[in-house]
Amino acid sequence: MTDTTPDGVETRDPDALRRRAGVRGDPGRDQHFLVDNRILDRLPGYLPPEADTAHLLEVGGGTGGLTDRLLRTGDRVTVIERDPALAGFLGEEFSGAVEAGRLDVVDGDAVEVDLPEFSACVSNLPYGISSPITFRLLPRSRPLVLTFQREFAERMAADPGSGDYGRLSVTAGHYADVEVVEVIPPSAFDPQPEVESAVVRVTPRDPDYEVDDEAFFFDFVKALFTQRRKTVRNGIRNTAHISGLSDPDAVVDAVAAEDEGLLRARPGSLAPSEFAALTGIAAEHGR
Ligand SMILES: C[S@@+](CC[C@H](N)C(=O)[O-])C[C@H]1O[C@@H](n2cnc3c(N)ncnc32)[C@H](O)[C@@H]1O
């Protein structure tokens, strides 16, 4: 069975795809298939207007509802699927695109396999790998449209001062502008997940601050957020085992000399540029 988009192009119906694949979806293996045609149609459209669609990457192809839409949007698509039965089905269902050199099906774990040189990524992610796959994709500096559990999406997109703001917001925001563009109810999936999902648009850009040592910046941010209810002064002192500082007191003294107010602040109120400034001082005085 097929549906027809407003411009008359036939698309594959997700229910028919699941029937042909002969699978029900196993939540224990992160298999929640999107069955709402309108949402499937919308997802590629969330890419920023300037996105290059020459080579789209999809993580977790499932039974191919989104793969079908991506083949209509992009010149070429690579889909990575860890379940060998589903990867085999995708190769057969889209054999025409495979033979035309427009689709590569990679049977493997998206956290482990080599990623291709994609130009943009649109994926209804397996939620169990949200964090590792996102931090594999972000350094590639490509536009991403990703579906997460809503709570993860909101933490990723949060602004300083909000309850959701934390390590995830600062580290994702280091690479890109992050926006929640749509909330998806459990009923849009089969089998239904227990929680709401949300679609995030990630538009790469350079940060508005400089850090010399990114790895240290991330460690320092991580360290301070383990003490999010403490002042920065106490956070620096208590977390040297995480940040790797050998002389945290020297860092506190150096920050006090530059901006005493930063020491009284709590991590949840600091802008990324303020974390960057602290990191610079910490790297100079405390390592
Ligand atoms: C949430 S479903 C999405 C399926 C499909 N794209 C859709 O929208 O209906 C996630 C898919 O990712 C697959 N998957 C789970 N873990 C994976 C991993 N580590 N690497 C690649 N695929 C994975 C699952 O088998 C499942 O098909």
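As a reminder, the structure under discussion sits directly above these lines.
Residues numbered from 1 in each chain as written. Predicted model: local features only at pLDDT ≥ 70, side-chain atom pairs only at ≥ 80, totals over all residues.

Peer 1: Got a minute to help me understand the environment of Ala 158 in this structure?
Peer 2: Structurally, Ala 158 can be placed in the loop between helix H7 (150-157) and helix H8 (167-175). Note on Ala 158: 21 C-beta atoms within 10 Å, which makes it buried. As a C-alpha pair, Ala 158 and Ile 242 span 84 residues in sequence and 24 Å in three-dimensional space. If sequence neighbours within four positions are ignored, Ala 158 has contacts with Asp 164, Tyr 165 and Ser 169. (Helix = DSSP H or I, 4+ residues; strand = E, 2+ residues; numbered from the N terminus. Buried ≥ 20, exposed ≤ 12 C-beta atoms within 10 Å, placed from the backbone. Contact = placed C-beta atoms within 7 Å.)

Peer 1: Quick question: what am I supposed to make of the sheet that holds strand E5 (residues 76-81) here?
Peer 2: Sheet strands line up and pair through hydrogen bonds in the backbone, either parallel or antiparallel. Pairing is mixed across the open sheet formed by seven strands, whose spatial order is E6-E5-E4-E7-E8-E11-E9. On the outer flanks of this sheet lie strand E6 (103-107) and strand E9 (176-184), each paired with one strand and no other. Across the sheet, the axes of successive neighbouring strands diverge by a mean angle of 20°, strand direction being ignored. On the sheet, helix H3 (residues 65-73) packs against strand E4 (55-59), E5, E6 and strand E7 (120-124) and is oriented at approximately 170° with respect to E4. (Pairing = 2+ DSSP bridges. Axes fitted to C-alpha atoms, helices over the stretch in contact; angles between N-to-C directions.)

Peer 1: I'm lost on H3 in this one. Help?
Peer 2: Each α-helix winds once per 3.6 residues, and so residues spaced three or four apart point in a common direction. Of all nine residues in H3, seven are buried; the element is thus mostly enclosed. The complete set of buried residues in H3 reads Gly 65, Leu 66, Thr 67, Asp 68, Arg 69, Leu 70 and Leu 71.

Peer 1: Please explain the environment of Gly 128 as it appears in this structure.
Peer 2: With respect to the helices and strands, Gly 128 occurs in the loop between E7 and helix H6 (130-137). Of the residues examined, Gly 128 has 12 C-beta atoms within 10 Å and is grouped as exposed. Residues Gly 128 and Pro 204 lie 76 residues apart in sequence; the distance between their C-alpha atoms is 24 Å.

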